[in-house]
Amino acid sequence: MKPFNAKNVKMKYYSLNKQSPEVSFREAAINGQAPDKGLYFPERIPELDPEILPNITRFSEAEIGFRVLRPYVGGTIPDETLYRIVEQTVNFPFPLVQVTPDIYALELFHGPTLAFKDVGARFMSRCLGYFARENNRKITVLVATSGDTGGAVADGFYNVPGIEVVILYPSGRVSPVQEKQLTTHGGNIRALEVNGNFDDCQQIVKQAFADADLQKSLFLTSANSINVARWLPQQLYYFFAYRQWPDKEVPPVISVPSGNFGNICSGILANASGLPIKHFIAACNANDVVPRFLQTGFYSPANAIPTISNAMDVGNPSNFVRILEIFRNDIDDLKHQLSGYTIDDDTTRETIRSVYRKYNYLLDPHGAVGFKALENYQEQYPERKGIVLETAHPVKFPGEIEAITGKPVEIPASVAGIMNRKKQSTLIEPSFNDVKEYLLGIDSMP
Ligand SMILES: *Cc1c(COP(=O)(O)O)cnc(C)c1O
């Protein structure tokens, strides 16, 4: 490791509800959510290390990542350890693939569970593993998943000493590959199959963090994208995108398939700290609360509507408040940097079909929402080239894809093995009390 001249600053995090004390990165990562139920936010957005942009094609991914994240970690993890954690977090490819003359896909699905959430989960699990060792106390990670979070978290935390993981997922609403990825580990990973939707799962998790009994008997934390240790490392692949972008003088528009708005919020944060990005597109399915807000100025959360891009079926996205905070609630500024589009299921299917036929590129339903949103934007701004974040591998949604292309999706070797493993989950009703009882009983389970 070479010497770095960035100063060892102490970054504090405040709660967006403003009723809790400021904490370090360490405490923010361990707490997940602030005691006042607000999301943690860095007290200032650090200016980019001046070495990064001039050296972006020369530096390794790990070096870029270390330099980006170091000020956020604020000295709570020693440099050598942090460097190693970042290195392990981004140890798979992030290729930028040209699909059309004006659209590139940043493939974020080459990690162990084939979705972008691997990046956040790998970083967070290693940070928490480090903090748990320091702490000498078992940490219980509680997480709600709409599909991909659970698998990424299970993979990231499997066998990490000192950590128990409990995953809540909506029964029948995740794909077969997703379900296997979050139910077949065993060991310190437990899956609760909730007879409800993602919002029910998320609601229970929120209640758990507010519950005094649970707080007393367990060291509970969240691995949802509200956790800063998952949210912040997602900035890194925006740098990797720019690193591969052919025309550095004309930065890209980036379209992000969005559900809970953690991913796009990371990109906006990277941009705010100095990474050149022309504009962001929030690409949504029928769950269109943010595009409607951008159009009307009214923010009206709704119940989640099930769609074929299920990881984005979120009716009340948690991270949107962080986006507002980055723009200091200046809605005009926000609209200047962010557009929103809503794409229905039929259009999503049609997009998968036409992109496959015309360009021989197979999109998954989430990437297809992003692709179509970018195309819509480019109708208005035809001279602007852009990137769509391909957030998951198509094999995670084989039913949809095969029906559209008429061909089975080739299963990568890393997934083939998992399909034969046995599902282990506990079926429960969407009741907080049932989940509470379960959590309190974990220590006496085998
Ligand atoms: C989680 C997920 C999304 C949505 O990301 P957010 O950060 O919640 O906006 C999009 N696509 C896929 C494949 C996902 O797993």
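Please refer to the structure placed before this passage.
Presented here is a report on the structure given in the accompanying data block. Numbering of residues starts from 1 in each chain and follows the order in which that chain's sequence is written. A pLDDT threshold of at least 70 governs which residues receive local features in this predicted model, and a stricter bar of 80 or more applies before side-chain atom pairs are shown or counted, although totals over entire chains, interfaces and linings include all residues. Side-chain measures here rest on the full set of heavy atoms in the structure, leaving out hydrogens and waters.

A separate point is the overall build of the protein. Helix and strand labels come from DSSP, where a helix needs a run of H or I of at least four residues and a strand needs a run of E of at least two; each type is numbered from the N terminus. Scanning the protein for helices and strands turns up 19 helices and 13 strands. In terms of overall dimensions, the protein has a C-alpha envelope of 60 × 55 × 45 Å along the principal axes. Here the term buried applies to any residue with accessible area under 20% of the maximum for its type, exposed to any over 50%, and partly exposed to those in between, with areas from a 1.4 Å probe on protein chains only. When each of the 446 residues of the protein is scored for burial, the buried share is 62%. Summarising the internal contacts of the protein: among those between residues at least 6 apart in sequence, 76% fall at separations of at least 24. Throughout, the Shrake-Rupley method with a 1.4 Å probe supplies accessible areas, and for residues the shown protein chains are the sole cover considered. Within the structure as shown, the protein displays about 17400 Å² of accessible surface, and the carbon and sulfur contribution to it stands at 48%. Here the protein holds 44 positive side-chain charges and 49 negative ones, and the gap between their average locations is 4 Å. A contact between two residues is defined here by any heavy atoms of the two lying within 4.5 Å. In this tally, Asp and Glu contribute negative charge and Lys and Arg positive charge; neither His nor the terminal groups of the chain are included. Here the site of a charge means NZ on Lys, CZ on Arg, CG on Asp, or CD on Glu.

Our focus in this paragraph is the layout of surface pockets. Lining residues are those with an atom within 4 Å of a point, where the points come from a 1 Å grid over the protein atoms alone and group into cavities, where a 1.4 Å probe fits but cannot get out, or pockets, open sets with protein on both sides within 12 Å along at least five of seven lines. Grid points are joined across faces, edges and corners, and a volume is the space filled by probe spheres set on the points. For the largest pocket, the calculated volume is near 350 Å³. Along its surface, the largest pocket is lined by 19 residues, and His 279, Leu 338, Ser 339, Gly 340 and Tyr 341 are the ones closest to its centre. Ranked by residues supplied to the lining of the largest pocket, first place goes to strand β11 (residues 338–342) with five residues. In this classification, the charged set is Asp, Glu, Lys and Arg, the nonpolar set is Ala, Val, Leu, Ile, Met, Phe, Trp, Tyr, Cys and Pro, and all remaining amino acids, among them Gly, are polar. Class assignment for the residues of the lining of the largest pocket results in six nonpolar, eight polar and five charged.

All right, on to the sheet that holds β11 then. Whenever strands of a sheet pair, they do so through backbone hydrogen bonds, lying parallel or antiparallel. Pairing between two strands requires that DSSP report at least two bridges joining them. A sheet is described by the order of its strands in space; here six strands give the open sequence β3-β4-β12-β9-β10-β11, paired in mixed fashion. Edge positions in the sheet fall to β3 (96–98) and β11, since each of these pairs with one other strand and no more. The mean angle between the axes of side-by-side strands here comes to 25°, regardless of whether they run parallel or antiparallel. Bridge count for β3 against strand β4 (residues 103–107) is three bridges, and the pairing is antiparallel. In the sheet register, Leu 96 faces β4, and the bridge partner there is Leu 106. Here helix α16 (residues 365–380) sits on the sheet and contacts β4, β9 (253–257), β10 (279–284), β11 and β12 (386–390); the angle it forms with β12, its principal contact strand, is near 165°. In this description, a line fitted to the C-alpha atoms serves as the axis of each element, helices being fitted only across the stretch in contact, and the angle between N-to-C directions of two axes falls anywhere from 0 to 180 degrees.

What follows is about helix α15 (residues 345–359). Each helix should span, by expectation, one fewer than its residue count multiplied by 1.5 Å. In a regular helix each residue adds 1.5 Å, so 15 residues correspond to 21 Å; α15 covers 21 Å between its end C-alpha atoms and thus fits that length. Turning to α15, its buried residues number three or more, namely Asp 345, Thr 348, Thr 351, Ile 352 and Val 355. For α15, the angular spread of buried residues about the axis comes to 115°, placing them on one side. Seen from the open side of α15, the exposed residues pointing more than 90 degrees away from its buried face are Asp 346, Arg 357 and Lys 358. Summarising the contacts, the buried residues of α15 are in contact with α16 and α17 (398–405). Two residues or fewer after α15 comes Asn 360, characterised by a positive phi angle close to 55°. The reported arc concerns the directions from the helix axis to the C-beta atoms and nothing else.

Read from one edge to the other, the open sheet built from five strands follows the order β8-β5-β6-β7-β13, with strand pairing classed as parallel. Only two strands of the sheet have a single partner each, and these edge strands are β8 (220–222) and β13 (426–428). Taken over all neighbouring pairs, the strand axes of this sheet differ in orientation by 25° on average, direction set aside. The pairing of strand β7 (residues 189–194) with β13 spans three bridges and is classified as parallel. For Leu 192, the partnering residue across the bridge sits in β13 and is Thr 426. Against the sheet, helix α7 (residues 198–210) makes contact with β5 (139–144), β6 (163–170), β7 and β8, and its axis sits at roughly 150° relative to β5, the strand it touches most.

A separate point is the site of the ligand. Here a residue counts as near a molecule or strand whenever at least one of its heavy atoms sits within 4 Å of it. With respect to spatial proximity, 15 residues lie near the ligand, and among them Lys 117, Asp 148, Gly 259, Asn 260 and Thr 391 are the closest. Between the ligand and Asp 148, the relevant distance is 2.4 Å, taken from an oxygen atom to a side-chain nitrogen or oxygen of the residue. In this structure, an oxygen atom belonging to the ligand sits 2.9 Å away from a main-chain N or O atom of Phe 261. In the complex, 97% of the free accessible area of the ligand, which totals 380 Å², lies under the protein chains. For this analysis, a polar contact is any N or O atom pair within 3.5 Å, provided that within protein one partner can donate a hydrogen and the other can accept it, and provided that sequence-adjacent residues contribute only side-chain to side-chain pairs.

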